[in-house]
Every structure is written in structure tokens, then in C-alpha cells.
Amino acid sequence: DAGITQSPRHKVTETGTPVTLRCHQTENHRYMYWYRQDPGHGLRLIHYSYGVKDTDKGEVSDGYSVSRSKTEDFLLTLESATSSQTSVYFCAISELRDQANTIYFGEGSWLTVV
Amino acid sequence: KQEVTQIPAALSVPEGENLVLNCSFTDSAIYNLQWFRQDPGKGLTSLLLIQSSQREQTSGRLNASLDKSSGRSTLYIAASQPGDSATYLCAVPYGNKLVFGAGTILRVKS
């Protein structure tokens, strides 16, 4: 298994509260990604990082922010959680741009916003 | 815009049967295509990565083909087993992200 750890794995939170999901890698890979997976939509990219303090938006970035202060950690923050953000969140890592080699996924974080 | 479609959405077969999963994409200018497996409640595991210059990749009982000109890829599973039951997703790079199909849910009955 690629050394990716997501935390928390499961969380229930109330609407309007901030939530932070953490992705930690031990592979020293340059690229890190946050995807969300929803029925009927597959996986969609939220944000990604191409180095320390270098991040960019994906296709569904509204309501989310990210930070990467160290190579090994990529944080996803929901500033004010909404019910539409109930989803499964996956972190992924890749050494090369364009995913020219294999991309590795974490085990997922199940978030329920009530 | 790149769109990826997988057919069928779900498939149920008896153990031992050979089967084909299909993946199609709208923009043929791809670097590669990956097939992933996802077990319930788990993350995605990469099964096969086919570079744009390749036509096939094999791993054990799995064989993936790529036809860029027609925008299609197939995943062939030989002699299916109950342990093959999972969701199979294909994905292609597009800009700085992977675009995923919605997946095929495979159930292999013993």
C-alpha cells in the first residue's frame, strides 16, 4: 500500500461548522489531490497541490480551501459545512504531473453534514 | 471537455465466466488511461495503466486495451472469481486532474 493516511475516516458534523480533513503521505510525492465521490457523479477534483504552498482549484472547489505547509500533509477545510458537502472524500498522490505514472488513493473520509 | 462513460453500469456473472467492461472518452488526445478497482468502503487501487503509445496491458487475469482513435478502452477479466466483485473505474488525465467514469459494479456469483 502507498503510504497515505486520511483522518478522520468518519465524521458527522452540523451545518455551518468548519471541518478539516487531513491527508498525510510518507512517499514524498510532489502532487497531492482531494477528490469527492458521489453517486451519479463519480470522482470529482476539489483542489490539488503541486508543491509546498502551491495549490490550485479543481472543478468543484466552491466552499473548500486547502493548505500544504509540508510536503507530507495536505489539508482540506470546509469553511462552513453544508448538507451538499456530505460525501466521501479521497486524497490521492502522484509523483508526476499528468499522472503519467500511477496515482495512489487513500482509504477515504466519510463526512456527513446534518 | 473530457467526458468518460462506462458501460454497463452493473454486471452480474457466474463464477468462471470471461467478461468485458467498457470505457469510452470524448477527447482522444490523452496521455494514458488507468483502470481502478474499488471495494466497498475502500479507496481506489490502480489495476492497469496504459500509455497512449500502447494498445494493451496485461496483469494476471486482467487485460486492458486502448484504442485512442475510437475513444475506447476495454478491461477483460478472464475466468472471473467471487473475489473480483467490486466497482471498476476507468480514468483519463485532463489538465491537472483525472476524469473518471461512474464505474461498473461487478458481482461474480459463486
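Owing to the predicted nature of the structure, the values given are computational and were not obtained by experimental measurement.

Conventions and cut-offs
Residues numbered from 1 in each chain as written. Chains lettered and ligands numbered in written order. Predicted model: local features only at pLDDT ≥ 70, side-chain atom pairs only at ≥ 80, totals over all residues. Heavy atoms only, no water. Helix = DSSP H or I, 4+ residues; strand = E, 2+ residues; numbered from the N terminus. Rg over C-alpha atoms; globule rule 2.2 N^0.38 Å. Buried < 20%, exposed > 50% of the residue type's maximum accessible area, 1.4 Å probe, protein only. Contact = heavy atoms within 4.5 Å. Areas by Shrake-Rupley, 256 points an atom, 1.4 Å probe, with all protein chains shown as cover. Pairing = 2+ DSSP bridges. Core = buried A, V, L, I, M, F, W, Y, C linked by side-chain atoms within 4.5 Å. Disulfide = S-S within 2.5 Å. Buried area = accessible area lost by both parts, 1.4 Å probe. Salt bridge = Lys/Arg side-chain N within 4 Å of Asp/Glu carboxyl O. Phe/Tyr/Trp six-rings, centres within 6.5 Å; stacked < 30°, edge-to-face > 60°.

Some words on the overall build of chain A
If you tally the helices and strands in chain A, you get 0 helices and 11 strands. The order of helices and strands in chain A, counted from the N terminus, is β-β-β-β-β-β-β-β-β-β-β. Since a compact globule built from 114 residues should have a radius of gyration of about 13 Å, the 13 Å found for chain A is in line with a globular shape. C-alpha extents for chain A along the principal axes are approximately 35 × 30 × 25 Å. Out of the 114 residues in chain A, the part that is buried amounts to 48%. Here the analysis covers contacts within chain A between residues at least 6 apart in sequence; of these, 55% occur between residues at least 24 apart. Counting every atom, chain A has about 5300 Å² of accessible surface; 47% of that belongs to carbon and sulfur.

Overview of the pairing of strand E11 (residues 109-113) of chain A
Residue and element names in this part refer to chain A. Residues Ser109, Leu111 and Val113 point to one face of E11 and are all buried, whereas Trp110 and Thr112, pointing to the other face, are not buried. Across 4 bridges, strand E2 (residues 10-13) lies against E11 in parallel orientation. From the neighbouring strand, Thr13 faces E11, where its bridge partner is Val113. Relative to E11, strand E9 (residues 87-94) is paired through 3 bridges, and the arrangement is antiparallel. For Ser87, the partnering residue across the bridge sits in E11 and is Leu111.

Observations concerning the nonpolar core
Nonpolar side chains in soluble globular proteins tend to end up buried together. Within the largest apolar cluster, 23 residues are counted, with the highest numbers of intra-cluster contacts made by B:Leu33, B:Trp35 and B:Leu75. Elements that contribute at least two residues to this core include exactly strand E3 (19-25), strand E4 (32-38), strand E5 (44-51), strand E7 (62-67), strand E8 (72-77), strand E9 (86-94) and strand E11 (104-109) of chain B. Formed by 19 residues, the second largest nonpolar core is a distinct cluster that contains A:Val60, A:Leu76, A:Tyr89 and A:Cys91.

So, the state of the cysteines
All names here are of chain B. Summed over all chains, the structure comprises 2 disulfides over all chains. Bridging Cys23 to Cys90, the disulfide has an S-S length of 2.0 Å. Where Cys23 bonds to Cys90 through sulfur, the torsion about that S-S bond is close to 85°, and the disulfide is right-handed. Taken together, the residues span a long stretch of sequence, with Cys23 in strand E3 and Cys90 in strand E9 at a distance of 67 residues.

Quick word on unusual backbone geometry
With an omega of -10°, the peptide bond running from A:Ser7 to A:Pro8 counts as cis. Relative to the helices and strands, A:Pro8 resides in the loop between strand E1 (4-7) and E2. Following B:Ile7, the chain continues to B:Pro8 via a peptide bond in cis, the omega torsion being -5°. Residue placement: B:Pro8 occurs in the loop between strand E1 (4-7) and strand E2 (10-14). For A:Lys53, which is not a glycine, the phi torsion comes out positive at approximately 70°.

Some points on the interface of chain B and chain A
Taken together, the contact pairs 21 residues of chain B with 21 residues of chain A. Between chain B and chain A, a total of about 1700 Å² is buried, with carbon and sulfur atoms accounting for 51% of that surface. For chain B, the biggest contributors to the area lost against chain A are B:Asn96, B:Lys97 and B:Phe100; these three give 32% of the whole. Our count for the contact surface shared by chain B and chain A stands at 1 salt bridge.

Section: the packing of aromatic side chains
The final tally for this structure, using the stated rule, is 10 aromatic pairs over all chains. An aromatic cluster is built from A:Tyr33, A:Tyr35, A:Tyr48, A:Tyr50, A:Phe105, B:Phe36 and B:Phe100, whose rings are joined through pairwise contacts.

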